[in-house]
Every structure is written in structure tokens, then in C-alpha cells.
Amino acid sequence: MTIEVFGITGTNGKTTVSYMLRSILEEGGRNCGLVGTITHAIGQKEYDALNTTPSSEVLKKYFTELESQQIGTCVMEVSSHGLDQGRIEGIPIHYAGFTNLTQDHLDYHLTMENYFQAKAKLFYKAERGMVINVDDAYGKRLYEKLLEDQRREHIAPEIRIESVSFQDSKADYFGKLLENTIEGILLEPFEKGSSWGPVAISLPGRTTAYNGMLALALARQAGLSRETVTAGLRKLKGVPGRFQKIQNNQGIHVVVDFAHTPDALENLLKTAGELHDGRLICVFGCGGNRDREKRPIMGRIAGNRSGFCLITSDNPRFEEPIRITEEIEVGVKEAGCPYTVELDRKEAIRKAIDMYEPGDLIVIAGKGHEKYQLINGKKLPFDDEKAVEDIIRERVEKRE
Ligand SMILES: CC(=O)N[C@H]1[C@@H](OP(=O)(O)OP(=O)(O)OC[C@H]2O[C@@H](n3ccc(=O)[nH]c3=O)[C@H](O)[C@@H]2O)O[C@H](CO)[C@@H](O)[C@@H]1O[C@H](C)C(=O)N[C@@H](C)C(=O)N[C@H](CCC(=O)O)C(=O)O
Ligand SMILES: Nc1ncnc2c1ncn2[C@@H]1O[C@H](COP(=O)(O)OP(=O)(O)OP(=O)(O)O)[C@@H](O)[C@H]1O
Ligand SMILES: N[C@H](CCC[C@H](N)C(=O)O)C(=O)O
């Protein structure tokens, strides 16, 4: 049995595109495995996602299990570490998608060029089709190189190399963002110039539009109908930890999001700012033993786009938390934004909620779906969503 495999790569958006694609494929009646940052869902079995892309031994085990459960499709996030370390060797890739490439993981790759080359490897494995976001500068470069390689017969002529864009109406899949509200977006895709009419997705922001178009184009390459794609996208009610609104009866507006790169944080706060009139209060940090260069950059972005910043710990890992926040502070100061440093993440969230005034929006960035905090070799239970709920409950109990 051949399992049809979709591999998604890029700095941001892989998880979201994977969830969208799975929803579409299931709408089309296909059983689908999902391997990525949040979970490794292999039919009846669900494994913890220790790595976004696991080792080739683990992947082979997953594929054997998919086969034994007669599951014919798998959507996989393919990380740059995974590509660089050959974790997908021996795994066929039928369709490949590229979201974008912006700064991250320079601790590992050292240069953006190395990071790009690692990502590009996926596209030389794709056996049937690939879709690339050409509004991204690295995406455009990849797309042109792939077409050139196909002209030189280094890539088989029957493999479809297609583009997605919101800027170039000549792209294979051109999109218009019709509506963008806190509840979600309305998108109008044009496939080779032909309009699909409006497509609804229950997640906000321009990045959702990009992710939706990529999922949609990959599904079309695999033969799904427009109706199935539209219905599959509409059915997806959200992705854990991606612009996740924390419901409460106290009228406090809080969003939890996994943005942990400069580009993701910029997009997240831009979306939040566009959809909300009041003050943005941003609670965030940066991971330890990871790309240090992004810390002041993320500080500057949060400072420029927020009314107040609470700089806190993300996953400090083996680093001294205060050293990480000091590096972030440099950027926040440069932006001239008022801020507080509170190393204890739950206390930082509490301070944000204490300072909340009607009309504000609290954005808690960096950990999204994560249910733990990595501190000095220990994996301690921690969950942004639960922290918000606990704090709100504690406040109500105190008042009663
Ligand atoms: C850093 C790293 O890549 N670790 C991988 C490695 O684990 P390991 O047992 O050899 O090492 P480890 O226990 O994770 O510790 C290594 C890190 O801790 C630091 N350390 C360790 C001990 C100590 O006393 N002090 C200290 O500073 C080291 O400097 C080093 O940075 O080998 C394991 C088995 O294969 C992997 O599971 C594990 O991935 C960890 C979980 C990880 O987070 N890796 C990241 C970098 C990764 O692969 N990420 C990509 C997704 C990235 C993305 O696209 O966003 C992925 O596919 O998961
Ligand atoms: N297309 C996009 N462009 C830029 N930022 C995005 C995009 N899609 C999502 N984001 C932001 O990046 C964060 C991570 O998104 P997502 O989990 O889908 O990406 P990812 O590539 O799987 O990340 P990771 O590999 O680190 O798990 C989101 O919470 C959001 O803030
Ligand atoms: N896949 C990313 C996740 C980072 C999440 C963030 N919370 C952090 O710990 O930096 C990584 O392994 O670098």
C-alpha cells in the first residue's frame, strides 16, 4: 500500500497548514495521519511530539502502523533540523509545500543561506507536486530554481511546481483577502485565474490567508474538488495555541499564540492590533539554548507594537532566565515601550490580567499549545491557557 505523503516546510505556518490540510483530506473521506509540532496522530494511536519531525526510525514505525490501520494519507511537518539530519530519508514525499523563511534556528544553521538550503532539500524529494509561497523572498528564489531545474531535466516534467501569491495575479493560485475579523477570514482564491468565490476560515489574520491558500493548492494537486476543499477549510475550528482565544465570563480578552520567531510575533501583534482598538499587553519571552540573535529583535517588535510588555521566561532550558530577558529588554527599551520583567511566567500573566482594563487585549506569545516549561533540565507542567483560567478563577474566588 502506498501512503500518500504531504510534507510541509517553512519557518512559520507548518502546523497550521497541516491542520488545514488534514481537515480537507478528511472532508474528502480520507483517513489521515498527522506528524508535527503538536502531536503525532497515527490513526488509533497518538504519540507525544518530542520533535516536530522525528528520527527516520520513528517515522518508519509510524508508516508501518499507518499501513496496518489501512490509513492511506499522512501530512507531515518537515523541520529544517529534520532535513539537515536526514530524518526523512527512506520516506517518500509526494507533495511538498513551502510557507516562508525568516529568521530562526541560527544557533543550529549559523546562516540564513544554510537554513534555506536545508529547507530546499524537501522539494527535490517531491514525486508529484509542490506549492510555494512566492511572496516570500526565499520562496520566490526556490520556485525559480525549481522551474529552472525542471527545464534542465533535473526534475521530472510531470511534477507540478505551482505558486501561491497575494501579490501576483498570474500566480497559479492567487488570493484576495476579502474580510479579516477576530472571528476569522474570508478569502477569495483564483485558480489559474478562475475565482472560487468566498472561502471562510475560522482563524484571523493575513497569515491565515497564506496558510489556507497553501493547504488549498496542495489539496487540489492531490485531486480534491473545490467543494471538498472549501468545506474542509470551513470545518476547521482552530488550531491549539494558534491565535487561541481564552474564553472567560469576566470579559477579559486574552489570546494565546505560539509565535516564537520575529516574523511570527510581528504578524501576530499586527493582526491583534488591526482587529482590536484598545491597548495591547504582550506577555512573552524567548527560548534558552536556541537562536540568541532573535531576542533583541523580538523585543523591538513587541515594544513597537504593544502598549505594554511583560518580559518573562519561555523555556529557559539550561540558560539563566535573567540573561535571556536582559537580551530581550535591549529591544523593548529601544522601542520606548513601557515594560516589566517578571521571570515567573504565571506571575507575568497575573500582572497582565491585573493591569487589564476594558478594551485591552492580552497576547501571550511563544508557548502556544505547550503543556510544559523546560527549566534547567526539568520538564515542569505549564500551560498558558490553564494559567489564564486559574488566575481568573482565583481572582473571582478572592472577590467572593
Ligand atoms: C538540541 C537537540 O537537538 N536535541 C536533540 C537531541 O537530544 P540530546 O539528547 O542529544 O540533547 P538534549 O538532551 O536535547 O540537550 C542538548 C542541548 O542542551 C544543552 N545542555 C544539555 C545539558 C546540560 O547540562 N547543559 C546544556 O546546556 C546543550 O547545549 C544542547 O543545546 O537528540 C534527541 C533525539 O534525537 C532529540 O529529540 C533532541 O531534540 C530536542 C527535543 C529538540 O528540541 N530539538 C530541536 C532543535 C529540533 O529538532 N527541532 C525541530 C523543529 C524545529 C522547528 O522547525 O521549529 C524538530 O524537528 O523537532
Ligand atoms: N504563514 C505564516 N507566516 C508568519 N507567521 C505565521 C504564519 N502562520 C503562523 N504564523 C505564526 O507562527 C506561529 C507558529 O505557527 P505554526 O505552528 O503553524 O508554525 P510552525 O511552522 O509549525 O512552527 P514550529 O515549527 O516552530 O512549530 C503561529 O502561532 C503564528 O503566530
Ligand atoms: N520548534 C521550536 C519550538 C520553540 C518554542 C519556544 N517555546 C521555545 O522554547 O523556544 C524549537 O524547537 O526551536
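Identification of the protein as UDP-N-acetylmuramoyl-L-alanyl-D-glutamate--2, 6-diaminopimelate ligase from Aminipila butyrica is taken from an unreviewed UniProt entry. In the Subcellular location (unreviewed entry) part of its UniProt record, the protein is described as follows: "Cytoplasm". Looking at the protein in UniProt, the text filed under Pathway (unreviewed entry) is "Cell wall biogenesis; peptidoglycan biosynthesis."

1. Describing the pairing of strand 14 (residues 254-257)
Covered by surrounding structure in strand 14 are V254 and V256 together with V255 and D257, the residues of both alternating faces. With 2 bridges joining them, strand 13 (residues 244-245) and strand 14 adopt antiparallel strand pairing. Bridging from a neighbouring strand, Q244 pairs with V256 of strand 14. Pairing between strand 14 and strand 18 (residues 361-365): 4 bridges, direction parallel. Opposite V254, over in strand 18, you have I362 as the bridge partner.

2. Some details on helix 7 (residues 206-221)
Helix length check: helix 7 (16 residues) gives 23 Å between terminal C-alpha atoms against 22 Å at 1.5 Å per residue, within 8%. Helix 7 sits mainly inside the fold: 13 of its 16 residues count as buried. Two residues or fewer past helix 7, G223 is found with a positive phi of approximately 95°.

3. Some words on the site of ligand 1
Taken together, K14, L50, N51, T52, T53, S79, H81, R87, H105, N289, R290 and F318 make up the full set of residues adjacent to ligand 1. Between ligand 1 and T52, the relevant distance is 2.6 Å, taken from an oxygen atom to a main-chain nitrogen or oxygen of the residue. One of the backbone N or O atoms of T53 is found 3.1 Å from an oxygen atom in ligand 1. For the shell around ligand 1, the per-class residue count stands at 2 nonpolar, 7 polar and 3 charged. Among the domains, domain 1 (4-235) and domain 2 (244-399) are the pair contributing at least three residues each to the shell around ligand 1.

4. With respect to unusual backbone geometry
A positive phi is found at N289, a non-glycine position, where the angle reads about 50°. Relative to the assigned elements, N289 resides in the loop between strand 15 (280-284) and helix 10 (294-305). What makes N289 partly exposed here is its relative accessible area of 37%. Look at N376: it is not a glycine, yet its phi comes out positive at around 50°. Residue placement: N376 occurs in the loop between strand 19 (372-375) and strand 20 (378-381).

Thresholds, definitions, all that
- Residues numbered from 1 in each chain as written.
- Chains lettered and ligands numbered in written order.
- Predicted model: local features only at pLDDT ≥ 70, side-chain atom pairs only at ≥ 80, totals over all residues.
- Heavy atoms only, no water.
- UniProt positions renumbered as here; feature names shortened; annotations may be inferred.
- Buried < 20%, exposed > 50% of the residue type's maximum accessible area, 1.4 Å probe, protein only.
- Helix = DSSP H or I, 4+ residues; strand = E, 2+ residues; numbered from the N terminus.
- Pairing = 2+ DSSP bridges.
- Expected span 1.5 Å × (residues − 1).
- Near = heavy atom within 4 Å.
- Polar contact = N/O pair within 3.5 Å; in protein donor to acceptor, adjacent residues only side chain to side chain.
- Nonpolar A, V, L, I, M, F, W, Y, C, P; charged D, E, K, R; others polar.
- Domains from an automatic or database assignment.

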